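# Structural overview
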Amino acid sequence: MTTLRLLAMVMGIAISLSVSAPQALAQGASTPLKTACATLTGQTIAWTGDSARIVSAAPVAATAELPAHCDISGIMHERQGRFGQNYAIRFHMRLPDKWNARMVFQGGGGSNGDVGDALGHVSSAGPVALAMGYAVISQDSGHDNATNTDMARNGALAFGFDPQARADYGHASLKASAEAARAVLLAAYGRGPKFSYFVGCSKGGQEGMVFAQLYPDLFDGIIASAPGFSLPRAAVAEAWDVQAFASLAGPQEAVKMGDLAKTFSTPDFALVRSAILEACDGDDWLQDGMVSNIAACTGTKVLSALQKRACTGGKTDACLMPAQAAVLQKVTDGPTTSAGTHIYSDWAWPSSIDAPEWRMWKIGSENGQVPPLNVILGAPALASAFTTPPVALGSPDALLAYQLNFDFDRDTAGIYAVADPFQRSAWDDVGARSTDLSAFRERHGRLIVAHGESDPVFSLKDTLTWFDAVNAANGGQAADFVRVFPVPGMCHCGGGKATDQYDLFTALVAWVEQGQAPQSIIAAAGPATPWPGRTRPLCAYPQWPKFIGGDPEKASSFQCVAQTNGT
């Protein structure tokens, strides 16, 4: 952020506090912050057009993991919404005694409703942001799972029945919370942040995209991993998948939740993984159990390998029934209307299809005791937050019935519909897939996106298609301010047979503050993978890591190269 922009931002914030607290806090030293922290409790902080109330503020002593800091809880936009629900935006902040003049906004996840721990989980391979001297904020997106859950209206997704609560979930609470955080920092330290960062994955990734697209002046650097920027469409894809897998379980009217788990066994998925590796593992010039050249792994190649594993008689663990292969092809092709119009996106063939993290989303645990997340999370989200008008469901069996009876020609229109009292569609409120990042680019913002090839929730291909469009809109120069890093084998925000331990945050800070654009990110495999300690480079799309010789377990033996003719 330039000095002029910082001054303009700070001058636009007017603080309305008792005199003693800001005078003590404004010195910015560790002792005044510690001694005055608790005096913030009950105070109101106001800035141009808005305000927030500090519910509690208390000093926290240093521990081996965390520095001494002020722990703050705040609330704003308190109101009574529809159906007697009381809504508000709640936020949580931690302000270190020794502040590095930087802020991190910690993104949420799922349907949110949880204020978060405000520690700043910025990396899977490093300390939290608070431990590095950053002030951190997290927030609940304008609804509280503890008080706004209504079993008559899809439980914790009841906020979707309230237009303002849905807008807060999609985007509005983000701007309000970020501005509240800046006002609190100005009160506490006497100045705003020199640099501001956002870090999130999944719904948090969607939130990062919202900031880049709708509120581009608020953050200098954004990490938006596995971005749910097409959330309503992805929820339709979940219903598509449920119907596809249910087709293997018998007549639709007779399918029960536990039946989905029986459609594929663990050996079945292992067999599919073996076919994917046979088709694609060597495309990076090394047979290593990973599909690193993702673009070269085409459906034609995988289906050919699956055909070799087709049962010629009865079903055994050594073969797949033709109907099983057909279902996987349908799921990977993605949802369409009866006319063949794509609703969401197609998917990369998941090399970690046998991982529990993939299975749990699609069909649930093998014993059937844990239902598919696509049903128990996807159905109420689609019915409440992503469809207008929202639909009240009921029992888990009703969730499954809703998805099994979803009509992709008729019902998909609900994600784009407007009906009283909703003046905006769910897509307008929650979707964040715009390719216009011109304002973010012009103020020198930097955006990093990581996304797993085996993500069962949001399609990596949707993210890559989006980047291609952003790149086209920027004359082929989108990499000047946004870079996408596919992660071979990684499931949703982590997990899978993958090198899923990496640090994007250090790379983002270097890009923002030193102008050092990341060419690749070193990633490591965790202890639960087949190759603990293995390292690989994550390459900025459209490059991919090619083996050039040396120790196959080390990232230094790979080079990021450009895609050429799909190989």
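Above this text sits the structure in question.
First, a word on what this report is: a plain description of the structure on this page.

Reading the values: rules and limits
Residues numbered from 1 in each chain as written. Predicted model: local features only at pLDDT ≥ 70, side-chain atom pairs only at ≥ 80, totals over all residues. Heavy atoms only, no water. Helix = DSSP H or I, 4+ residues; strand = E, 2+ residues; numbered from the N terminus. Rg over C-alpha atoms; globule rule 2.2 N^0.38 Å. Buried < 20%, exposed > 50% of the residue type's maximum accessible area, 1.4 Å probe, protein only. Contact = heavy atoms within 4.5 Å. Lys, Arg positive; Asp, Glu negative; His and termini not counted. Charge placed at Lys NZ, Arg CZ, Asp CG, Glu CD. Disulfide = S-S within 2.5 Å. Phe/Tyr/Trp six-rings, centres within 6.5 Å; stacked < 30°, edge-to-face > 60°. Axes fitted to C-alpha atoms, helices over the stretch in contact; angles between N-to-C directions. Parallel < 35°, antiparallel > 145°, perpendicular 65-115°, else oblique. Left-handed = near helix turned anticlockwise from the far one by under 90°. Nonpolar A, V, L, I, M, F, W, Y, C, P; charged D, E, K, R; others polar. Pairing = 2+ DSSP bridges. Core = buried A, V, L, I, M, F, W, Y, C linked by side-chain atoms within 4.5 Å. 1 Å grid on protein atoms, 1.4 Å probe; cavity = no way out; pocket = protein on both sides within 12 Å on 5 of 7 lines; lining within 4 Å. Points joined across faces, edges and corners; volume = space filled by probe spheres on them.

## Things to note about the overall build of the chain
Helix and strand content of the chain: 18 helices and 15 strands. Computed over the C-alpha atoms, the radius of gyration of the chain is 24 Å, within 12% of the 24 Å expected from 2.2 N^0.38 for a compact globule of 567 residues. Taking the principal axes of its C-alpha atoms as reference, the chain extends roughly 85 × 60 × 45 Å. Within the chain, the fraction of its 567 residues that count as buried is 57%. In the chain, the proportion of contacts linking residues at least 24 apart, taken out of those at least 6 apart, comes to 67%. Taken as two groups, the 40 positive and 51 negative side-chain charges of the chain have centres that lie 4 Å from each other.

## Remarks on the state of the cysteines
The final tally for this structure, using the stated rule, is five disulfides. There is a disulfide in this structure between Cys 37 and Cys 70, and the S-S distance comes to 1.9 Å. Torsion about the S-S bond of the Cys 37 and Cys 70 cystine: about 75 degrees, corresponding to right-handed handedness. Pair noted here: Cys 37 is in the loop between helix H3 (30-36) and strand E1 (44-47) and Cys 70 is in strand E3 (residues 69-80), with a separation of 33 residues, a long-range link. Since its relative accessible area comes to 1%, Cys 37 is described here as buried. Cys 70 gets classed as buried once you look at its relative accessible area, which sits at 1%. At a sulfur-sulfur separation of 2.0 Å, the disulfide partner of Cys 201 is Cys 493. Between Cys 201 and Cys 493 the sulfur-sulfur dihedral comes to about -100 degrees; the bridge is accordingly left-handed.

## With respect to the packing of aromatic side chains
The geometry of an aromatic ring pair comes down to the distance between the two centres and the angle between the two planes. Evaluated as defined, the whole model comprises 24 aromatic pairs. Each ring, one from Phe 159 and one from Tyr 169, has its centre 4.9 Å from the other, and the planes form 50 degrees; the classification is tilted. Within this pair, whereas Phe 159 is found in the loop between helix H4 (145-148) and helix H5 (163-189), its partner Tyr 169 is found in helix H5, the two being separated by ten residues in sequence. The exposure classification of Phe 159 matches that of Tyr 169, with both residues buried. For the pair Tyr 197 and Phe 505, a centre-to-centre distance of 5.6 Å together with 75 degrees between the ring planes defines the contact as edge-to-face. Placement of the pair is Tyr 197 in strand E7 (residues 195-201) and Phe 505 in helix H18 (residues 504-514), with a sequence separation of 308 residues.

## Focus on the packing of H5 against helix H6 (residues 203-214)
Look at H5 against H6: their axes get within 10 Å of each other, and the N-to-C directions meet at 70 degrees. It follows from the interaxial angle that H5 and H6 lie roughly perpendicular. Both H5 and H6 take part in a crossing whose hand is right-handed. On H6, the residues touching Tyr 169, Gly 170, His 171, Leu 174, Lys 175 and Ala 178 of H5 are Lys 203, Gln 206, Glu 207, Val 210, Phe 211 and Leu 214. Taken together, the residues of the contact of H5 with H6 break down into six nonpolar, three polar and three charged.

## Overview of unusual backbone geometry
Note the cis peptide between Asp 420 and Pro 421, where omega equals 5 degrees. That bond from Tyr 541 to Pro 542 is cis: its omega, 10 degrees, falls within 30 degrees of zero. Inspection of the secondary structure puts Pro 542 in the loop between strand E13 (535-539) and strand E14 (544-547). The residue Cys 493 is not glycine, and still its phi comes out positive at about 65 degrees. Among the structural elements, Cys 493 can be located in the loop between strand E10 (482-487) and strand E11 (501-502).

## Quick look at the sheet that holds strand E12 (residues 520-524)
Taken in spatial order, the three strands line up as E11-E12-E13 in an open sheet, and their pairing is antiparallel. Bordering the open sheet on either side are E11 and E13, each of which pairs with just one other strand. In terms of strand pairing, E12 meets E13 through five bridges, oriented antiparallel. Looking at the pairing, Ala 524 lines up with Thr 535 of E13.

## Focus: the sheet that holds strand E9 (residues 446-452)
Pairing within the open sheet is mixed, and its ten strands lie in the order E1-E2-E3-E4-E6-E5-E7-E8-E9-E10. In this open sheet, the two edge strands, each paired with only one partner strand, are E1 and E10. The average undirected angle you get between the axes of adjacent strands in this sheet is 20 degrees. Pairing of strand E2 (residues 50-60) with E3, which is carried by seven bridges, proceeds in the antiparallel orientation. Note on E3: the bridge partner recorded for Ala 58 is Asp 71.

## Examining the nonpolar core
Formed by 65 residues in total, the largest nonpolar core has its most connected members in Phe 245, Leu 260, Ile 276, Val 302, Leu 382, Phe 386 and Leu 400. Examining the composition of this core, we find that eleven residues originate from one element, helix H7 (residues 231-246), more than from any other. Contacts of Leu 400, omitting those with residues within four sequence positions, involve Val 242, Val 255, Lys 256, Met 257, Leu 260 and Val 375. Within the second largest apolar cluster, 58 residues are counted, among which are Ile 54, Met 209, Phe 211 and Val 470.

## What to know about the packing of H7 against helix H14 (residues 396-404)
Each pair of packed helices can be described by the angle between their axes along with the distance between the axes. Where H7 contacts H14, the axes come no closer than 8 Å and their chain directions differ by 95 degrees. With respect to each other, H7 and H14 are oriented roughly perpendicular. For the pair H7 and H14, the contacting residues are Glu 238, Ala 239, Val 242, Gln 243 and Ala 246 in the first and Leu 400, Gln 403 and Leu 404 in the second. In the contact of H7 with H14, the residues fall into five nonpolar, two polar and one charged.

## Here we look at the layout of surface pockets
Estimated volume of the largest pocket: approximately 410 Å³. What lines the largest pocket is a set of 20 residues, among which His 121, Val 122, Ser 123, Val 199 and Cys 201 lie closest to the centre. Secondary-structure elements contributing two or more residues to the lining of the largest pocket are strand E5 (102-106), E7 and strand E8 (221-225). Of the residues forming the lining of the largest pocket, the biggest block, three residues, is contributed by E7. Looking at the lining of the largest pocket residue by residue, the class counts come to ten nonpolar, nine polar and one charged.

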